[in-house]
Amino acid sequence: MIRVEKQAWATMVAHAEKKFPNECCGAMIGRIDGDSKHVTDAVLMENAYAGAQGARYELRPEDLLEADRKARAAGLDLIGIFHSHPDCDAYFSKTDLENSCPWYSFVVLSVKGGKFDHAASFLPNADQTAAEKEELIWPKS
Amino acid sequence: MAKILIPTPLRQYADRKDAVELDGSTVGEVLGALTSQFPDLRKQIFNDEGKLRSFVNVYLNDEDIRYLKKDATPVANGDTLSIVPSIAGGATDVAPAQRDMSVAEPSTALSQDEILRYSRHLIMPEVGMEGQLKLKNAKILLVGTGGLGAPLGMYLAAAGVGRIGLVDFDVVDFTNLQRQVIHGTKDVGRKKLDSAAETMQDINPYVRIDKYEVALSSENALDILAPYDLVIDGTDNFPTRYLVNDACVILKKPNVYGSIFRFEGQASVFAYPGGPCYRCLYPEPPPPGLVPSCAEGGVLGILPGVIGLIQATEAVKLILGTGEPLVGRLLLYDALAMRFRELKLRKNPDCPVCGDHPTVTKLIDYQQFCGIPQQAQAPAEAPGEINAVEVKAKIDRGDDFQLIDVREPHEWQIGHIPQAKLIPLGELVKRLRELDSKREIIAHCKSGVRSAKACNILRQHGFARVSNLKGGILAWSDTVDPSVPKY
């Protein structure tokens, strides 16, 4: 289960809506307590994909390294990655799966017509051939 | 000694440590020391060949070792190594409609804005919250955004159907505006898909619209139809109508049918479980040219509004699962008499598509089935045809010939070629004596179809020097005299 706190969630949603109709991306930072992950901070990143970004994103490893440092400095953990699907539901696409890694939670935000619609979280398996859905809890305003 | 930072998810394999201090003079040695101390980490970081896994990057301080000396990169005391995955993705891999519908979760609640918007539905027990959620979770494919598609698109969007697919590849023109109310004067020249989607989105921003800018064909129909709960046929031609019918039967999806001509329309629900299909009613298409299209025969502008909304009503009822669907009944509407009639339809056990022993089990070539040649429009004039520019040249040269207009008097009133003589097609045979069989005759109509028939009639009656003005008065307006209005 992954729970995103209000401030972090608002940051993620605003980023996703702002980048619409392109995909946005970023990292989620917080604490892990057993099976329960608690996101307290969202780190916004630039979509580094070199091409049309309406249905593609890429994280710069340097940005992820920086996010990890920030987390460590605050005594927190890097928990997951988020990105958006503009005008498309929050599912884990083949492209998402093949370019993911098995270590993190992957939260997908569906943005429709520029407005956040729904979201889901996924955990890719060890060899990135499938992803299982993870319970995602976000603040419903 | 160098420090390796362990990513959070991997700490479970490293005694829960967030960092480990290790000896080694190169990156390769340090990583080797790490995995020999914590063997479970090995398969997280390395593949079976002992190479770093494809998504794993190793950074020495701020530098990616790929751009240094890779495994051989020297490590000094106090250096920090980090393991950073490469991550990318995107929703690119499948066609827009297919990519998510199978995994989309149904909505279980309406927002406050939606509750307000749909309040007149919600206060009726036949719809209520449950019904409105059914509408919100419904997926309807609308084939065509013309006369029938216009009211369908607008009302289905307003009613809160969550997802509406539109199939059209046409562009809005002025002759559409008399009935296709989803498009406005400002939209002339735009893609119908864009214009329709914009209107629907303006009516209801909660609706998701999938646009398919294609001609529905045997190759794409099953893929396009598959994700939707039901299909509404708003087409105006026989090949597509049979295609939609057969695809719906094959996919077991209800097909909400409607058609219009002049002052009359019909509607029914086909391919509903246990009910008949369009082929049970019309096993074979009419010969090409026998049934005129709306462009040829005209249509009362309001008529598609009436028929389209009957289709919309049936679609909404099917989704709500309420009322008595128009299954096994063909509803006939006559606007001039202002009468509705109903014919009983039975499922035909010998139907080639939905019968007990179907012979059509996959999509066929519907152009061929409907007797329409693959290349309907020959690029050059066929024998016996003449183009508008040549006719104008003949007039200007003072050539001796008779130009006859075989349209109807009310069409003549819209506009005509000054040198032409009006003899409506239906009167031609009894007015043959008005024509001189020794002189050349050129016949024209609106677009060239009726005048081709006129030419054949004339030839059968011994007129030898007969030709057809290709493209009719529309071509005349386009290439000779734009002051003659097109209609």
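Before any of the text, the structure's been laid out above.
Residues numbered from 1 in each chain as written. Chains lettered and ligands numbered in written order. Predicted model: local features only at pLDDT ≥ 70, side-chain atom pairs only at ≥ 80, totals over all residues.

Asks: Looking at this model, I keep getting lost on the overall build of chain B. Mind explaining?
Replies: The helix and strand inventory of chain B stands at 18 helices and 19 strands. Looking at chain B as a whole, 39% of its 487 residues qualify as buried. At a minimum sequence separation of 6, the contacts of chain B that also span at least 24 residues come to 64%. (Helix = DSSP H or I, 4+ residues; strand = E, 2+ residues; numbered from the N terminus. Buried ≥ 20, exposed ≤ 12 C-beta atoms within 10 Å, placed from the backbone. Contact = placed C-beta atoms within 7 Å.)

Asks: Which parts of the structure should I look at to understand the overall build of chain A?
Replies: Within chain A one finds three helices and nine strands. In chain A, the order of α-helices and β-strands from amino to carboxyl end is β-α-β-β-β-α-β-α-β-β-β-β. Counting every position in chain A, which comprises 141 residues, the buried fraction comes to 51%. Residue pairs at least 24 apart in sequence account for 60% of intrachain contacts in chain A once pairs closer than 6 positions are excluded.

Asks: How should I be thinking about helix H10 (residues 238–251) of chain B in this particular structure?
Replies: Since there are 3.6 residues in each turn of an α-helix, residues three or four apart along the chain are aligned in direction. Residue and element names in this part refer to chain B. In this model, H10 (14 residues) spans 20 Å end to end at C-alpha, consistent with the 20 Å of a helix rising 1.5 Å per residue. In terms of burial, H10 is a largely internal element, 12 of the 14 residues being buried. Taken together, the buried positions of H10 are Phe-238, Pro-239, Thr-240, Arg-241, Tyr-242, Leu-243, Val-244, Asn-245, Asp-246, Ala-247, Cys-248 and Val-249. Remark: Lys-252 follows H10 within two positions and exhibits a positive phi of approximately 55°. (Expected span 1.5 Å × (residues − 1).)

Asks: Where do I start with the sheet that holds strand E11 (residues 255–261) of chain B in this structure?
Replies: Adjacent strands of a sheet pair through backbone hydrogen bonds, lying either parallel or antiparallel. Residues and elements named next belong to chain B. Strands sit in the order E9-E8-E7-E10-E11-E12-E13-E14 across an open sheet of eight strands; the sheet is mixed. Either end of the sheet is taken by a strand with one partner, and the two such strands are strand E9 (208–212) and strand E14 (339–344). Sheet twist, expressed as the average angle between the axes of neighbouring strands with direction ignored, equals 15°. Relative to E9, strand E8 (residues 163–167) runs parallel, the two being bridged by five bridges. For Ile-164, the partnering residue across the bridge sits in E9 and is Ile-209. On the sheet, H10 packs against strand E7 (139–143), strand E10 (230–233), E11 and strand E12 (264–270) and is oriented at approximately 165° with respect to E10. Strands E7, E10, E11, E12 and strand E13 (329–334) of the sheet are contacted by helix H13 (residues 303–320), whose axis makes an angle of about 170° with E11. (Pairing = 2+ DSSP bridges. Axes fitted to C-alpha atoms, helices over the stretch in contact; angles between N-to-C directions.)

Asks: What should I look at first to understand the packing of helix H7 (residues 149–159) of chain B against helix H8 (residues 192–203) of chain B in this one?
Replies: Packed helix pairs are characterised by how far apart their axes lie and by the angle those axes make with each other. Residues and elements named next belong to chain B. Contact geometry for H7 and H8: axes closest at 8 Å, N-to-C directions at 30°. Compared by their axis directions, H7 and H8 come out roughly parallel. The two elements H7 and H8 cross, and the hand of that crossing is right-handed. On H8, the residues that touch Gly-149, Gly-153, Met-154, Ala-157 and Ala-158 of H7 are Ala-196, Thr-199, Met-200 and Ile-203. When grouped by side-chain class, the residues that make up the contact of H7 with H8 number six nonpolar, three polar and no charged. (Parallel < 35°, antiparallel > 145°, perpendicular 65-115°, else oblique. Left-handed = near helix turned anticlockwise from the far one by under 90°. Nonpolar A, V, L, I, M, F, W, Y, C, P; charged D, E, K, R; others polar.)

Asks: Quick question: what am I supposed to make of the interface of chain B and chain A here?
Replies: It is common to report an interface's size as the accessible area lost on association of the parts. Facing the 27 residues of chain B at the interface are 33 residues of chain A. Going through the elements one at a time, strand E3 (56–60), strand E5 (80–85), strand E6 (88–89) and helix H3 (98–101) of chain B are the ones with two or more residues in the side of chain B that touches chain A. Here the element with the most residues in the side of chain B that touches chain A is E5 of chain B; it accounts for three residues. Class assignment of the residues belonging to the side of chain B that touches chain A gives a composition of 13 nonpolar, eight polar and six charged. Sheet topology places strand E4 (residues 57–58) of chain A next to E6 of chain B; two bridges connect them, and they run antiparallel. Within the sheet, the bridge partner assigned to Glu-58 of chain A lies in E6 of chain B and is Ala-88 of chain B.

Asks: Would you take a moment to explain H8 of chain B for this structure?
Replies: Residues and elements named next belong to chain B. In a regular helix each residue adds 1.5 Å, so 12 residues correspond to 16 Å; H8 covers 16 Å between its end C-alpha atoms and thus fits that length. Considered for burial, the residues of H8 that qualify are Lys-192, Leu-193, Ser-195, Ala-196, Ala-197 and Met-200. In the core, the buried residues of H8 are packed alongside H7, E8 and E9.

Asks: Looking at this model, I keep getting lost on the environment of Asp-64 of chain B. Mind explaining?
Replies: Position of Asp-64 of chain B relative to the elements: it lies in strand E4 (residues 63–64). Separated by 18 residues in the primary sequence, Asp-64 of chain B and Ser-82 of chain B have C-alpha atoms spaced 9.3 Å apart. Setting aside anything within four residues of it in sequence, one finds Asp-64 of chain B in contact with Pro-61 of chain A together with Asn-57 and Tyr-59 of chain B.

Asks: Help me understand the nonpolar core in this model?
Replies: Across soluble globular proteins, nonpolar side chains have a tendency to be buried as a group. By size, the foremost hydrophobic cluster in this structure holds 68 residues, and its most contacted members are Ile-140, Leu-156, Ile-164 and Ala-315 of chain B. Take this core: its biggest share by element is eight residues, from H13 of chain B. Those residues within four positions of Ala-315 of chain B in sequence are excluded, and the remaining contacts are Ile-140, Leu-156, Leu-230, Ile-232 and Val-256 of chain B. Counting residues in each nonpolar core, the second largest holds 63 residues, with Trp-9, Phe-82, Phe-92 and Val-111 of chain A among its members. (Core = buried A, V, L, I, M, F, W, Y, C linked by C-beta atoms within 7 Å.)

Asks: It is not clear to me how the pairing of E7 of chain B should be interpreted in this structure. Could you clarify?
Replies: Consecutive side chains along a regular strand alternate between the two faces of the sheet. All names here are of chain B. Counting buried residues in E7 gives four out of five residues, a clear majority hidden from the surface. Here E7 pairs with E8 via five bridges, running parallel. Bridging across to E8, Leu-142 finds its partner in Leu-166. You can see the chain leave E7, run along H7 and come back into E8, and the turn it takes is right-handed. Note: E7 against E10, four bridges, orientation parallel. Bridge pairing in E10 places Val-143 opposite Asp-233. (Right-handed = clockwise from strand over helix to strand, strands pointing away.)

Asks: What is the right way to read the environment of Arg-279 of chain B from this model?
Replies: Residues and elements named next belong to chain B. Among the secondary structure elements, Arg-279 is positioned in helix H11 (residues 278–281). Measuring from C-alpha to C-alpha, the distance between Arg-279 and Asp-246 comes to 8.3 Å, with 33 residues separating the pair along the chain. The contact partners of Arg-279, leaving out residues within four places of it in the chain, are Asn-245, Cys-351, Pro-352 and Val-353.

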